[in-house]
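Structure at a glance
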Amino acid sequence: MCIDDQLISAYLDGELKEPYLTEVKEHLSYCQACRDRLKDFKALDGKIKEALALREEERDRHKAKIAEMLEKKYFEGGRKSIFRRKVELSLSSLVTAAAALVFVFVGGFAFFGEDGGQTGEILPSYPLRAEVESASFVSDEKVTLDDFSLEEILSYLDKKGYVVDVTLKGIRPINE
Amino acid sequence: MDIRSTDKDDFRFVFDRDYPLLVDVAYHIVWDLDTAEDLAEEAFERFFMRSMSFPSADDARYWLLRVVKNLALNFLRRNKRELEVVSSVGKEELSYNESGESNLIRNEERRLVRNAIESLPENLRLVIQLKEFTSLDYKAIGRVLGISETNVKVRVHRARKKLEEILGKEYRDVY
């Protein structure tokens, strides 16, 4: 039986570990079909690399320039670069500090603002010191059981878990 | 060996060692050398700015590779439409000093292979790109992509089979 295709692919990459490596090597020594398969993968690899690999001189054409630029930017004139770093690093804490300041500012108005007009502008929905006379109940009428139908009362009690037995005055149950 | 990204010698060492690798990875995702160089530079800028330290040079390398890979993918997503226009105008190829005819064949070959790779789903494409265009082994590729070594092995194989399907096998005798 031939070896798994995937093993051949891994073998090509030099990624096979023992005991697979020995097995695959041995198998390849006598199996033409698997040798061909290995050849296929090798050829594909070669084709891809030849078509698309960057040539070294092309790839590294700006390496020295970029290295120099980065070194100048970060390491030369040490004090400047340290200062720069500090600014960069404290940026997020600056934002936090600014946010905290805004919070305190707005909060100050919300909790201590005497002038209702000003507070209202900043926090329109903030309830300004409610006076007794300006507050009123939605309804002054007392709610009584008469406001509910018998069905409503029964279903309410039912929901609460009560078992309710209803009998009507003057009417005797038939099966008694 | 500890690597600190703000240490001059460490920075120089890592840059010297990994810059080519970063350009290679970025280039094979965005297919434009200028952009790839910009992205590699950006990765090193972040490396310094973050003021990080790594337990080894390899760890720094994996971090940089992850950053440049993500930068390249983001670049592609952002510029997808513009890039389509540019490549249809034909700005894509690097100039090679070869005779006209072989240049033509080469360009055609390059286009075919590139299209084949681009047609792979992203999870296969990145793996095969890292495998073919860098010297990274399965373990390293797994570290960069956040997948297991076994998973890399499976994906490399799948990508190869797919590429074979697309490109055909007739090139076997050539090599």
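Presented here is a report on the structure given in the accompanying data block.

Rules and cut-offs
Residues numbered from 1 in each chain as written. Chains lettered and ligands numbered in written order. Predicted model: local features only at pLDDT ≥ 70, side-chain atom pairs only at ≥ 80, totals over all residues. Heavy atoms only, no water. Helix = DSSP H or I, 4+ residues; strand = E, 2+ residues; numbered from the N terminus. Buried < 20%, exposed > 50% of the residue type's maximum accessible area, 1.4 Å probe, protein only. Contact = heavy atoms within 4.5 Å. Areas by Shrake-Rupley, 256 points an atom, 1.4 Å probe, with all protein chains shown as cover. Expected span 1.5 Å × (residues − 1). Polar contact = N/O pair within 3.5 Å; in protein donor to acceptor, adjacent residues only side chain to side chain. Core = buried A, V, L, I, M, F, W, Y, C linked by side-chain atoms within 4.5 Å. Domains from an automatic or database assignment. Axes fitted to C-alpha atoms, helices over the stretch in contact; angles between N-to-C directions. Parallel < 35°, antiparallel > 145°, perpendicular 65-115°, else oblique. Left-handed = near helix turned anticlockwise from the far one by under 90°. Nonpolar A, V, L, I, M, F, W, Y, C, P; charged D, E, K, R; others polar. Buried area = accessible area lost by both parts, 1.4 Å probe. Salt bridge = Lys/Arg side-chain N within 4 Å of Asp/Glu carboxyl O. Phe/Tyr/Trp six-rings, centres within 6.5 Å; stacked < 30°, edge-to-face > 60°. Lys NZ or Arg CZ within 6 Å of the ring centre and 35° of its normal.

This next bit is on the overall build of chain A. Within chain A, the secondary structure is distributed over 9 helices and 0 strands. Along chain A, helices (α) and strands (β) appear in the sequence α-α-α-α-α-α-α-α-α when read from the amino end. Taking all 176 residues of chain A together, the buried fraction comes to 21%. A separation of at least 24 residues holds for 34% of the contacts in chain A among residues at least 6 apart in sequence. Total accessible area computed for chain A in this model is approximately 14,200 Å², and 59% of it derives from carbon and sulfur atoms.

Of the regular secondary structure elements, chain B holds 7 helices and 2 strands. Here chain B holds 175 residues, and 51% of them are scored as buried. Contacts spanning at least 24 positions in sequence make up 63% of the contacts within chain B whose residues lie at least 6 apart. Per element, the accessible surface of chain B, about 8,800 Å² overall, is 46% carbon and sulfur.

Residue and element names in this part refer to chain B. The terminal C-alpha atoms of helix 2 (residues 33–49), which comprises 17 residues, lie 24 Å apart, in line with the 24 Å expected from a rise of 1.5 Å per residue. Where burial is concerned, most of helix 2 is hidden: 12 out of the 17 residues are buried. All of the buried residues along helix 2 are Leu33, Thr35, Ala36, Glu37, Leu39, Ala40, Glu41, Ala43, Phe44, Glu45, Phe47 and Phe48. For helix 2, the capping residue at the N-terminal end is Asp32, with a side-chain oxygen 3.5 Å from the backbone nitrogen of Asp34. Once helix 2 finishes, Ser51 follows within two positions and takes phi at roughly 50°, a positive value.

Now for the nonpolar core. Within the largest apolar cluster, 75 residues are counted, with the highest numbers of intra-cluster contacts made by Phe44 and Phe47 of chain B. Of the domains in this structure, domain 1 (3–79) and domain 2 (103–168) of chain B are the two that each give at least three residues to this core. Every residue in contact with Phe44 of chain B, bar those within four places of it in the chain, is listed here: Leu70 of chain A together with Phe11, Val14, Phe15, Asp18, Tyr19, Leu22 and Leu64 of chain B.

Attention now goes to the packing of helix 5 (residues 122–133) of chain B against helix 6 (residues 138–145) of chain B. Residue and element names in this part refer to chain B. Closest axis-to-axis distance for the helix 5/helix 6 pair is 10 Å, and the angle between their directions is 135°. With respect to each other, helix 5 and helix 6 are oriented oblique. Considering the relative orientation of helix 5 and helix 6, their crossing is right-handed. Residue-level inspection shows Leu126, Val127, Leu130 and Lys131 of helix 5 in contact with helix 6, the latter providing Tyr138, Ile141, Val144 and Leu145. Of the residues that constitute the contact of helix 5 with helix 6, the class distribution is 7 nonpolar, no polar and 1 charged.

What follows deals with the interface of chain A and chain B. How large an interface is tends to be reported as the accessible area lost when its parts come together. On the side of chain B, 52 residues touch chain A, which itself brings 43 residues to the contact. Approximately 4,800 Å² of surface area, both sides summed, lies buried where chain A meets chain B, with 59% of it carried by carbon and sulfur atoms. The largest share of the area that chain A buries against chain B comes from Lys47, Leu52 and Phe75 of chain A, three residues that together contribute 15% of it. At the boundary of chain A and chain B, one finds 13 salt bridges.

Once that is clear, we can look at the packing of aromatic side chains. Throughout the structure, instances matching the rule amount to 11 aromatic pairs over all chains. Both rings, one in Phe44 of chain B and one in Phe47 of chain B, keep their centres 6.4 Å apart while their planes meet at 90°; by these two values the pair is edge-to-face. Taken together, the residues span about one helical turn, with Phe44 of chain B and Phe47 of chain B both in helix 2 at a distance of 3 residues. Overall, Phe44 of chain B belongs to the buried group, its relative accessible area being 0%. Each member of the aromatic cluster is reached from another via a ring pair, and the members are Tyr74 of chain A together with Phe11, Phe15, Tyr19, Phe44, Phe47, Phe48, Phe54 and Trp63 of chain B. When the ring centre of Phe41 of chain A is taken as origin, the NZ or CZ atom of Arg37 of chain A, which lies over that ring, is 4.5 Å away.

With respect to the element layout, Val156 of chain B can be found in helix 7 (residues 149–167). Distance in space between the C-alpha atoms of Val156 of chain B and Leu124 of chain B is 7.0 Å, their sequence separation being 32 residues. Setting aside residues up to four positions removed in sequence, Val156 of chain B forms contacts with Ser9 and Asp13 of chain A together with Val127, Ile128, Lys131 and Tyr138 of chain B.

Once that is clear, we can look at the side chain of Asp13 of chain A. In this fold, Asp13 of chain A is placed in the loop between helix 1 (5–12) and helix 2 (20–30). Residues contacting Asp13 of chain A, with those up to four places away along its chain left out, are Lys131, Tyr138, Val156 and Arg160 of chain B.

To continue, consider the packing of helix 6 of chain B against helix 7 of chain B. A packed helix pair is summarised by two numbers, namely the angle formed by the two axes and the spacing between the axes. All names here are of chain B. Look at helix 6 against helix 7: their axes get within 8 Å of each other, and the N-to-C directions meet at 100°. Between helix 6 and helix 7, the interaxial angle falls into the category roughly perpendicular. Contact residues: helix 6 offers Tyr138, Lys139, Ile141 and Gly142, while helix 7 offers Glu149, Val152, Lys153, Val156 and Arg160. A breakdown of the residues in the contact of helix 6 with helix 7 according to their chemical character gives 4 nonpolar, 1 polar and 4 charged.

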